Amino acid sequence: MYNDNKELFYSNTLLSAYQICARPFTVFRWCPGTRMRFKKTEVCQTCSKMKNVCQTCLLDLEYGLPIQVRDTGLSVKDEVPRSDVNKEYYTQNMEREIANSDGTRPVGQLGKAPSSSDMLLKLARTTPYYKRNRPHICSFWVKGECKRGEECPYRHEKPTDPDDPLADQNIKDRYYGINDPVADKLLKRASTMPRLDPPEDKSITTLYIGGLGDTVTDGDLKSHFYQFGEIRTITIVQRQQCAFIQFATRQSAETAAEKSFNKLIINGRRLTVKWGRSQAARGKEGIKDGVSEMGTRLDPVPGLPGALPPPPALDEEPPANYFNLDPSSSPAVMNIGLPPPPGINPPPPGFGPPMFHHMGPMAPPMPPPMSMRPPGQIHYPSQDPQRMGAHAAHGARHGD
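Residues numbered from 1 in each chain as written. Predicted model: local features only at pLDDT ≥ 70, side-chain atom pairs only at ≥ 80, totals over all residues. Heavy atoms only, no water.

Of the regular secondary structure elements, the protein holds 13 helices and 10 strands. Counting all 400 residues of the protein, 22% fall into the buried class. For the protein, contacts bridging at least 24 residues in sequence account for 56% of all contacts bridging at least 6. Total accessible area computed for the protein in this model is approximately 29,700 Å², and 55% of it derives from carbon and sulfur atoms. (Helix = DSSP H or I, 4+ residues; strand = E, 2+ residues; numbered from the N terminus. Buried < 20%, exposed > 50% of the residue type's maximum accessible area, 1.4 Å probe, protein only. Contact = heavy atoms within 4.5 Å. Areas by Shrake-Rupley, 256 points an atom, 1.4 Å probe, with all protein chains shown as cover.)

Take Arg270: it is sitting in strand E7 (residues 269-270). Only 3.2 Å separates the side chain of Arg270 from the backbone oxygen of Asn262, close enough to count as a polar contact. (Polar contact = N/O pair within 3.5 Å; in protein donor to acceptor, adjacent residues only side chain to side chain.)

When strand E3 (residues 206-210) meets strand E5 (residues 242-247), the two strands line up antiparallel, connected through five bridges. Directly across from Gly210, in E5, lies its bridge partner Cys242. In terms of strand pairing, strand E4 (residues 231-237) meets E5 through six bridges, oriented antiparallel. Within E5, the position partnered with Ile231 by the bridge is Phe247. (Pairing = 2+ DSSP bridges.)

Two elements in contact, helix H3 (residues 67-74) and helix H9 (residues 181-191), have axes whose closest approach is 8 Å; the angle formed by their N-to-C orientations is 40°. What the angle tells us is that H3 and H9 run oblique. Where H3 approaches H9, its residues Gln68, Val69 and Thr72 are matched on the opposing element by Ala183, Asp184, Leu186 and Leu187. For the contact of H3 with H9, the class distribution of residues is four nonpolar, two polar and one charged. (Axes fitted to C-alpha atoms, helices over the stretch in contact; angles between N-to-C directions. Parallel < 35°, antiparallel > 145°, perpendicular 65-115°, else oblique. Nonpolar A, V, L, I, M, F, W, Y, C, P; charged D, E, K, R; others polar.)

For the rest of this paragraph, the subject is the sheet that holds E5. Judged by pairing direction, the sheet is antiparallel, and its four strands sit side by side in the order E4-E5-E3-E8 without closing on themselves. Strands at the two margins of the open sheet, each flanked by one partner only, are E4 and strand E8 (272-275). Sheet twist, expressed as the mean angle between neighbouring strand axes with direction ignored, is 20°. Helix H10 (residues 218-225) contacts E3, E4 and E5 of the sheet and is inclined by roughly 145° relative to E4.

Take a positive patch on the surface next. A surface patch of positive charge is lined by Arg125, Arg132, Lys185 and Arg189. Turning to its location among the elements, Arg189 is positioned in helix H9. Residue Arg189 is classed as partly exposed on the basis of its relative accessible area, which comes to 43%. (Patch = residues over 30% accessible without salt bridge, like charges linked within 9 Å, V, L, I, M, F, W, Y side chains within 5 Å. Salt bridge = Lys/Arg side-chain N within 4 Å of Asp/Glu carboxyl O. Lys, Arg positive; Asp, Glu negative; His and termini not counted. Charge placed at Lys NZ, Arg CZ, Asp CG, Glu CD.)

So, on to the confidence of the model for the protein. Should the pLDDT be low somewhere, the predicted coordinates at that spot are not to be read in detail. Looking at the protein, pLDDT values average 76 and 66% of them are 70 or higher. Across residues 1-17 the pLDDT falls below 50, and counting only partners more than four positions away or on other chains, this stretch makes two contacts in the model. A low-confidence stretch, residues 331-336 (pLDDT under 50), is modelled with 17 contacts involving residues beyond four sequence positions or located in other chains. (pLDDT = per-residue confidence, 0-100.)

Attention shifts here to the UniProt feature "domain: C3H1-type" (unreviewed entry) in the protein. Using the residue numbers shown here, the UniProt feature "domain: C3H1-type" (unreviewed entry) corresponds to residues 132-159. Here residues 132-159 runs as 14% helix and 0% strand, with 15 Å between its end C-alpha atoms. (UniProt positions renumbered as here; feature names shortened; annotations may be inferred.)

All right, on to helix H11 (residues 250-260) then. Three- or four-residue spacings in an α-helix give side chains the same orientation, since the helix completes a turn every 3.6 residues. All buried positions along H11 are accounted for by Arg250, Ser252, Ala253, Ala256, Ala257 and Ser260. Relative to the axis of H11, the buried residues are bounded by an arc of 160° and lie together on one face. Each element contacted by the buried residues of H11 is listed here: E3, H10, E5 and E8. Asn262 occupies a position one or two residues after H11 and carries a positive phi of about 65°. (Arc of directions from axis to C-beta.)

Let us look at the pattern of salt bridges. The tally for this structure, following the rule as stated, stands at eight salt bridges. As a salt-bridge pair, Lys40 and Glu42 come within 3.3 Å of each other at their nearest N and O atoms. What you see here is one network of salt bridges that share partners, running through Arg23, Glu88 and Glu95.

Counted according to the given criterion, the structure contains four aromatic pairs. Centroid distance Tyr175 to Tyr176: 5.3 Å. Interplanar angle 85°. Geometry classified as edge-to-face. For the pair Tyr175 and Tyr176, one class covers both residues: buried. Plain terms: the ring middles of Phe225 and Phe247 are 6.3 Å apart, the flat faces sit at 65° to each other, and that makes the pair edge-to-face. Highlighted residues: Phe225 in helix H10 and Phe247 in strand E5, separated in sequence by 22 residues. By relative accessible area, which is 0% here, Phe225 ends up buried. Of the residues examined, Phe247 reaches a relative accessible area of 0% and is grouped as buried. (Phe/Tyr/Trp six-rings, centres within 6.5 Å; stacked < 30°, edge-to-face > 60°.)

So, on to unusual backbone geometry. Residues other than glycine seldom take positive phi values, yet Leu58 does so here, at roughly 60°. Relative to the helices and strands, Leu58 resides in the loop between helix H2 (45-51) and H3.

On to the pairing of E3. Here E3 pairs with E8 via four bridges, running antiparallel. Bridging from a neighbouring strand, Leu207 pairs with Trp275 of E8.

Structurally, the position occupied by Thr91 is in helix H4 (residues 84-100). In contact with Thr91, not counting residues within four places along its chain, are Arg23, Thr46 and Met50.

Turning our eyes to something else, we now look at the nonpolar core. Leu207, Ile209, Leu221, Phe225 and Phe247 are the most contacted members of the largest nonpolar core, which has 19 residues in total. Broken down by secondary-structure element, the contributors of at least two residues to this core are E3, H10, E5, H11 and E8. Residues contacting Phe247, with those up to four places away along its chain left out, are Thr205, Leu207, Phe225, Phe228, Gly229, Glu230, Ile231, Arg232, Ser252, Ala253 and Ala256. Core analysis: the next-biggest nonpolar cluster, separate from the first, contains 15 residues, Cys47, Val80, Val107 and Tyr176 among them. (Core = buried A, V, L, I, M, F, W, Y, C linked by side-chain atoms within 4.5 Å.)

What follows is the structure in structure tokens.
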């Protein structure tokens, strides 16, 4: 008798540990399909309406997500008490509130929360997920002791990872939104998703739209963004295939950025949405320390020369040595052409002696004119004896 009471005590304790609703309600049990496991209702209608969840899977009816993810996205705090007496009193108050409502919206703190969340819209499942209806893995088959064969209602598969946190799920924790491994996995995925934070400068009301291509016009952009507020200007830069949309108010720009970021598709093209920059920030920012204005790290290009040396100071006048002359020698001559004396015609270009002005006693002597040079001196390349035909040309010039 003592052993029977002890077993009954342990069974009731185990039942209360996993039981969510202690109120009497009709339990439905059914099989969703062939080779699927049987499912049943877990909570009453009042408990499901308080949380706006399904009576069987305990997932949110609007987004199909666990309660912990839904409450985190909407910033809702769970206020359902845990003790039986307080929970019964809380449930009676919720029943009166549900009776006074039209039944189309949630009640309690969930009814006062914002209607939607961008994070929940991205995580929401839009297609049926039939894998949750599959039967559990047969523990006897894993140990090699299952004798049912094909008649076994459980799956004959090896578990993927025994230490996987998804293998240890508690339906009571899912209802109260605590310690849910599925919710933790979804929240970690949401934390790694890209997001668009508004800039701190409240004067920025411009959005950058990239990837327009040749099919998106200003009319297409206006027809999409006018729903978020008054548009001041739309500027399209066709060369960069981008546009800048300036709103009249900051609130309109923030709403447009929140509703369009990472999900804007116009004329079959997925467009990029980013915040514009102020004129002051556009002048100060740029590429600094190998980082572009978009925040991406730029790799150095091999083979490029290094930085040029700084220019000399203004007080240090560099020497004007344009012909690479020896700085130790004094400048002897200056290439300054002097006019010829009166009555003498200037020689043709290239035949007259160069006109140099002597700068000192150390200057070299001026070369003599061509008429006063010795006769044996070579004046033309054709008179060079080493060249072919030079002798014949020399004889023809002197009548030989």
